[in-house]
Amino acid sequence: MTLLGWIIFIFALLFSIMLHEAGHFVTAKKFRMKVTQFFVGFGQTIWSRTKGETEYGIKALPAGGYVKIVGMTALEDVDPADEDRSFRRQPGWQRGIVLFAGSFMHFALAFVLLFILAAGIGVANSNTATVGAIDPCVPSSAKAVSCVSGNPASPAAKAGLRPGDKIIALAGTKVHTWTQLGDAIRAQPAGTPVTVTVIRDGRTVTLHPSLAVIHGRAGSYLGISPAQLFQTVGPVSAVRYAGSEFGQIVVGSVKALGSIPKAIPDLFAKNRSSTAGGNVTSVVGAGEYTGEAFAAKVGWQVKVSVVLLIVISLNIFVGLFNLLPLLPLDGGHLAVVIYESIRSWFARIRHRPDPGLVDMRKLLPLSVGVFALLVGFGLLLIMADIINPVHIPQ
């Protein structure tokens, strides 16, 4: 199952790369720019086929992709017959659309997958009085995250509560939601047996657990977690859900991008998973997450939801990262186009000649430096994901 998760992740990654490059390709073709290559991957060519003026192919290293548009910069030698169709000769707004189209495809894919998640798979609803899991012990404190030797068994485990039990009453108080159940549990005194009525396999069962107390936490403790019930929604609600979740993931991705400069010390820390910077991962970490999700002993809806959310988050993060105003990223080229357009506008209102394209030779050292930095940080992330991986919460 872990291998299947990896295969699905690699397929999703390659599909995302193809969509990114398709965004550049389709918009460039729309504006009659000459596109000579459309490749997925880098390195040695495994397969290619030429159709019309474009060569389509797959290369050995599936670490990205590229679309070759004639005349991307002033440094490129272009056949005079192709100059009018070169990228650099097109209006700034057209070049901007072509550059933005790659990230747009990531965003569009993420939104569509969120819509499918809500309308087809279902949105998880944990506010139900159905038991999803039984805590094995009473934690030593509110901050403890796992059982250690000497922790007593939880009241739920002692009383014989089971996953799938639907609690309908506690201490004579009827409950319908997890919120109501939690309030009823916390209101009961610890150490005294309480009556818990559940529906199990269509039968009514009555249990009598004695609630416990956890140091640093208010109220009594039973030791249960809610089940996740998946409910599909209509198209309108699915669009609302997709928009809301998209916004939340964008905010989270921006925070993750902001944490990258200080992430390095956290990557190899023992508590990596509990730090914002440490949770930044490479494609290796994302693939490991996907494999663990498929191997987990949970329902198919949980597995599919987790995998989709990984793919969605990855696409939004990559789309935003690609728009950073740094060469050689698309965002860097877009910043150059915007600068050229502003400079040209100022020249027009001052009745001066158009200064033309930016001299990319001056930006080459910066572009090479940023590229080396990105490659170095990417390799560091991969090393951290291999040596000190962040595991998906169980």
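Residues numbered from 1 in each chain as written. Predicted model: local features only at pLDDT ≥ 70, side-chain atom pairs only at ≥ 80, totals over all residues. Heavy atoms only, no water.

*Asks:* Sorry if this is basic, but what is going on with the state of the cysteines here?
*Replies:* Throughout this description, disulfide means a covalent bond between two cysteine sulfur atoms. According to the stated counting rule, one finds one disulfide in the structure shown. In this model Cys-137 forms its disulfide with Cys-147; the gap between the sulfur atoms is 2.0 Å. Of note, the bridge from Cys-137 to Cys-147 carries an S-S torsion of about -100° and is left-handed in sense. With Cys-137 in the loop between strand S4 (131–134) and helix H3 (155–159) and Cys-147 in the loop between S4 and H3, this residue pair connects regions lying ten residues apart in the sequence. (Disulfide = S-S within 2.5 Å. Helix = DSSP H or I, 4+ residues; strand = E, 2+ residues; numbered from the N terminus.)

*Asks:* Any chance you could explain the packing of aromatic side chains here in plain terms?
*Replies:* Given two aromatic rings, one states the distance between the centres and the angle between the planes to describe the pair. Under the criterion given, the structure shown has eleven aromatic pairs. Look at Phe-38 and Tyr-56: their rings are 6.1 Å apart centre to centre, the planes differ by 35°, and that puts the pair in the tilted class. With Phe-38 in strand S1 (residues 35–51) and Tyr-56 in strand S2 (residues 54–69), this pair connects stretches of sequence that are 18 residues apart. When its relative accessible area of 11% is taken as the criterion, Phe-38 is described as buried. Judged by relative accessible area, which is 27%, Tyr-56 ranks as partly exposed. Seen in terms of ring centroids, Phe-100 and Phe-104 are 6.4 Å apart; in terms of plane orientation they differ by 45°. Their pairing is tilted. Of this pair, Phe-100 and Phe-104 both sit in helix H2 (residues 92–121), four residues apart, which is roughly one turn of the helix. Overall, the relative accessible area of 33% leaves Phe-100 in the partly exposed class. Cluster of aromatic residues (ring-pair linked, three or more members): Phe-25, Phe-38 and Tyr-56. Positioned above the aromatic ring of Phe-39 is the side chain of Lys-59, whose terminal nitrogen or guanidinium carbon lies 4.5 Å from the ring centre. (Phe/Tyr/Trp six-rings, centres within 6.5 Å; stacked < 30°, edge-to-face > 60°. Buried < 20%, exposed > 50% of the residue type's maximum accessible area, 1.4 Å probe, protein only. Lys NZ or Arg CZ within 6 Å of the ring centre and 35° of its normal.)

*Asks:* How do you make sense of the pairing of strand S7 (residues 196–200) when you look at a structure like this?
*Replies:* For a regular strand, side-chain orientation follows a simple rule: the groups alternate between the two sheet faces. Most of S7 is tucked away: four of the five residues are buried. Bridging between strand S5 (residues 166–170) and S7 involves four bridges; their strand directions are antiparallel. From the neighbouring strand, Ile-167 faces S7, where its bridge partner is Val-198. Note: S7 against strand S8 (residues 203–207), five bridges, orientation antiparallel. Across the sheet, Ile-199 pairs through a bridge with Thr-204, a residue of S8. The loop that links S7 with its antiparallel partner S8 comprises two residues; one of these, Asp-201, has a positive phi angle of about 55°. (Pairing = 2+ DSSP bridges.)

*Asks:* Looking at this model, I keep getting lost on the nonpolar core. Mind explaining?
*Replies:* One recurring pattern in soluble globular proteins: nonpolar side chains tend to sit buried together. Formed by 27 residues in total, the largest nonpolar core has its most connected members in Leu-113, Leu-114, Phe-246, Leu-308, Ile-312 and Ile-316. Elements represented by at least two residues in this core include exactly helix H1 (2–30), H2, helix H5 (235–259), helix H8 (300–322) and helix H10 (364–387). Examining the composition of this core, we find that eight residues originate from one element, H2, more than from any other. Aside from chain neighbours lying at most four places away, what touches Leu-114 is Tyr-241, Ala-242, Glu-245, Phe-246, Leu-309 and Ile-312. Judged by nonpolar contacts, the second largest core, of 19 residues, contains Ala-22, Val-67, Val-98 and Leu-99. (Core = buried A, V, L, I, M, F, W, Y, C linked by side-chain atoms within 4.5 Å. Contact = heavy atoms within 4.5 Å.)

*Asks:* How do you make sense of the packing of helix H7 (residues 283–295) against H8 when you look at a structure like this?
*Replies:* The description of two packed helices rests on the angle between their axes and on the distance between the axes. Across the interface, H7 lies against H8 with an axial gap of 9 Å and an inter-helix angle of 170°. The pairing of H7 with H8 is recorded here as roughly antiparallel in orientation. On H8, the residues that touch Ala-286, Tyr-289, Thr-290, Ala-293 and Phe-294 of H7 are Lys-303, Val-306, Val-307 and Ile-310. (Axes fitted to C-alpha atoms, helices over the stretch in contact; angles between N-to-C directions. Parallel < 35°, antiparallel > 145°, perpendicular 65-115°, else oblique.)

*Asks:* What exactly am I supposed to notice about the environment of Gly-378 here?
*Replies:* With respect to the helices and strands, the residue Gly-378 is situated in helix H10. Taking the C-alpha atoms as reference, Gly-378 lies 9.2 Å from Val-283; in sequence the two are 95 residues apart.

*Asks:* Is there a simple way to think about H8 in this case?
*Replies:* An α-helical segment advances 3.6 residues per turn. Residues three or four places apart therefore align on the same side. The first and last C-alpha atoms of H8 sit 33 Å apart over 23 residues, in line with the 33 Å expected at 1.5 Å per residue. When we look at burial in H8, the residues that qualify are Lys-303, Ser-305, Val-307, Leu-308, Ile-310, Val-311, Ile-312, Asn-315, Ile-316, Gly-319, Leu-320 and Asn-322. (Expected span 1.5 Å × (residues − 1).)

*Asks:* What am I meant to see in a nonpolar patch on the surface here?
*Replies:* Residues Ile-338, Ile-342, Trp-345, Phe-346 and Ile-349 make up a contiguous nonpolar surface patch of roughly 490 Å² in combined accessible area. Mapped onto the fold, Phe-346 is located in helix H9 (residues 330–349). Phe-346 sits in the partly exposed class, given a relative accessible area of 41%. (Patch = residues over 30% accessible without salt bridge, like charges linked within 9 Å, V, L, I, M, F, W, Y side chains within 5 Å. Areas by Shrake-Rupley, 256 points an atom, 1.4 Å probe, with all protein chains shown as cover. Salt bridge = Lys/Arg side-chain N within 4 Å of Asp/Glu carboxyl O.)

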